[in-house]
Amino acid sequence: MTCDEARILLHALLDNELDAGHARDVEAHIASCPDCAAEFTAQREMQRVLADTNLRYTAPASLRARIEASLPQAQRQQPSRRSVLRGFAMGSAVSALAASGVVALVLRQDDQQRILSEVVSAHLRSLQAGHLTDVVSTDQHTVKPWFNGKLDVAPPVIDLTAQGFTLVGGRLDYIDARAIGAVVYKRRQHVVNLFVSQTSNTEYRTPKTETMQGFNCRRWSNRGLNFWAVSDIGADELAEFVDKFEAAMKANVEG
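Residues numbered from 1 in each chain as written. Predicted model: local features only at pLDDT ≥ 70, side-chain atom pairs only at ≥ 80, totals over all residues. Heavy atoms only, no water.

(A) Quick peek at the overall build of the protein. In terms of helices and strands, the protein carries eight helices and seven strands. Taking all 255 residues of the protein together, the buried fraction comes to 35%. Taking the intrachain contacts of the protein between residues at least 6 apart in sequence as the baseline, contacts between residues at least 24 apart amount to 57%. Accessible area of the protein: about 15400 Å², with a carbon and sulfur share of 54%. (Helix = DSSP H or I, 4+ residues; strand = E, 2+ residues; numbered from the N terminus. Buried < 20%, exposed > 50% of the residue type's maximum accessible area, 1.4 Å probe, protein only. Contact = heavy atoms within 4.5 Å. Areas by Shrake-Rupley, 256 points an atom, 1.4 Å probe, with all protein chains shown as cover.)

What follows is the structure, given as structure tokens:
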């Protein structure tokens, strides 16, 4: 494990977010590297100081009194038992009508967050020595054929070196209990993993950026494929990567 790889994982180690194997690798590197050990000690001290600092603010009781005094008299009166029961009955009726849709929405959101968590975990795994690529090449005509026969649909592989994102290879990964393709790029010394999976929904879903465990993830859907681009580069640079990838993919299709 290199220092760059270890330092990416220091925060996750501090927060107990690494599995036993990854935690053991990072701890072994720290034990043999004074620079990373010093960085880890500094981050742990910062974590301790923040934990010991009382950052919670409790509003004074006088503030509640002033707010209540400013309300109209009718709003300050306690509700009657009948009004409470009437409100409860109305709320129950509305809940019964909306429950199926609300539950479905919550489940979809939870499922999206679970998959996002798996994508970020796969990105973290790839940063370990020997896990980044199964096929190493800067040639898109070498990387794309490598996926043939390994997946139902091979991911699009586009050379973006001229746009500042160097293709370095690809690999198979596993998200949501199924194999998907991961196309690997580098921006300076930063890794950008582009995960691609097939979907039955052919509608275009505009790119959206989320942050998890210190990594930016930009996800979108296009032409029956789901995409997740994950990296520790800034959100603006990751958006630039996605824009250039989308533009190049559109040009390839139209050409």
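(B) Geometry of the sheet that holds strand β6 (residues 215–222). Strand order in the open sheet formed by seven strands is β1-β2-β3-β4-β7-β6-β5, and the pairing between neighbours is antiparallel. With one partner strand each, in any of the chains shown, β1 (135–136) and β5 (205–212) form the two edges of the open sheet. Pairing between β1 and strand β2 (residues 166–175): two bridges, direction antiparallel. Counterpart to V136 in the pairing with β2 is G169. (Pairing = 2+ DSSP bridges.)

(C) View of the nonpolar core. V119 and F195 are the most contacted members of the largest nonpolar core, which totals 28 residues. Take this core: its biggest share by element is six residues, from helix α6 (residues 81–126). Membership of the second largest hydrophobic core comes to 26 residues, among which are A154, L160, I233 and F245. (Core = buried A, V, L, I, M, F, W, Y, C linked by side-chain atoms within 4.5 Å.)

(D) Summary view of the pairing of strand β4 (residues 190–198). With respect to burial, β4 is a largely interior element, seven of its nine residues being buried. Here seven bridges tie strand β3 (residues 178–187) to β4, and the two strands are oriented antiparallel to one another. Bridge pairing in β4 places V184 opposite N193. What sits between the antiparallel neighbours β3 and β4 is a turn of two residues, in which R188 has the positive phi angle 55°. Pairing of β4 with strand β7 (residues 225–231) involves seven bridges; the strand directions are antiparallel. Residue pairing in the sheet places V192 in a bridge with S231 of β7.

(E) Main features of the pattern of salt bridges. Inspection of the entire model under this criterion finds nine salt bridges. R188 serves as the salt-bridge partner of E237, at 3.1 Å between the closest nitrogen and oxygen. With E237 in helix α8 (residues 235–254) and R188 in the loop between β3 and β4, the pair connects residues that are 49 residues apart, well separated along the chain. A network of salt bridges, in which partner residues are shared, links R187, R188, E237, E240 and K244. (Salt bridge = Lys/Arg side-chain N within 4 Å of Asp/Glu carboxyl O.)

(F) Region of interest: the packing of aromatic side chains. This structure, assessed with the given rule, holds seven aromatic pairs. Measuring from ring centre to ring centre gives 6.3 Å for W220 and F245, while their planes differ by 70°; the resulting arrangement is edge-to-face. Here F245 lies in helix α8 and W220 lies in strand β6, a separation of 25 residues in the sequence. Here W220 and F245 have matching classes, each one buried. Sitting over the ring of W146, K150 keeps its end group 4.4 Å from the ring centre. Looking at R187, its charged tip hangs above the ring of F165, at a distance of 4.3 Å from the centre. (Phe/Tyr/Trp six-rings, centres within 6.5 Å; stacked < 30°, edge-to-face > 60°. Lys NZ or Arg CZ within 6 Å of the ring centre and 35° of its normal.)

(G) Broad picture of helix α2 (residues 20–32). The terminal C-alpha atoms of α2 lie 19 Å apart, and with 13 residues this matches the ideal 18 Å at 1.5 Å per residue to within 8%. Every buried residue of α2 is accounted for by H22, A23, V26, H29 and I30. End-on view of α2: buried residues confined to an arc of 130°, all on one side of the axis. α2 presents A20, R24, A31 and S32 as exposed residues on the side facing more than 90 degrees away from its buried surface. (Expected span 1.5 Å × (residues − 1). Arc of directions from axis to C-beta.)

(H) Local environment of unusual backbone geometry. Of note in the backbone geometry, D176 takes a positive phi value of approximately 55° without being a glycine. The residue D176 is located in the loop between β2 and β3 in this model. You can call D176 partly exposed: its relative accessible area is 32%. One non-glycine residue with positive phi stands out, namely Q213, at about 55°.

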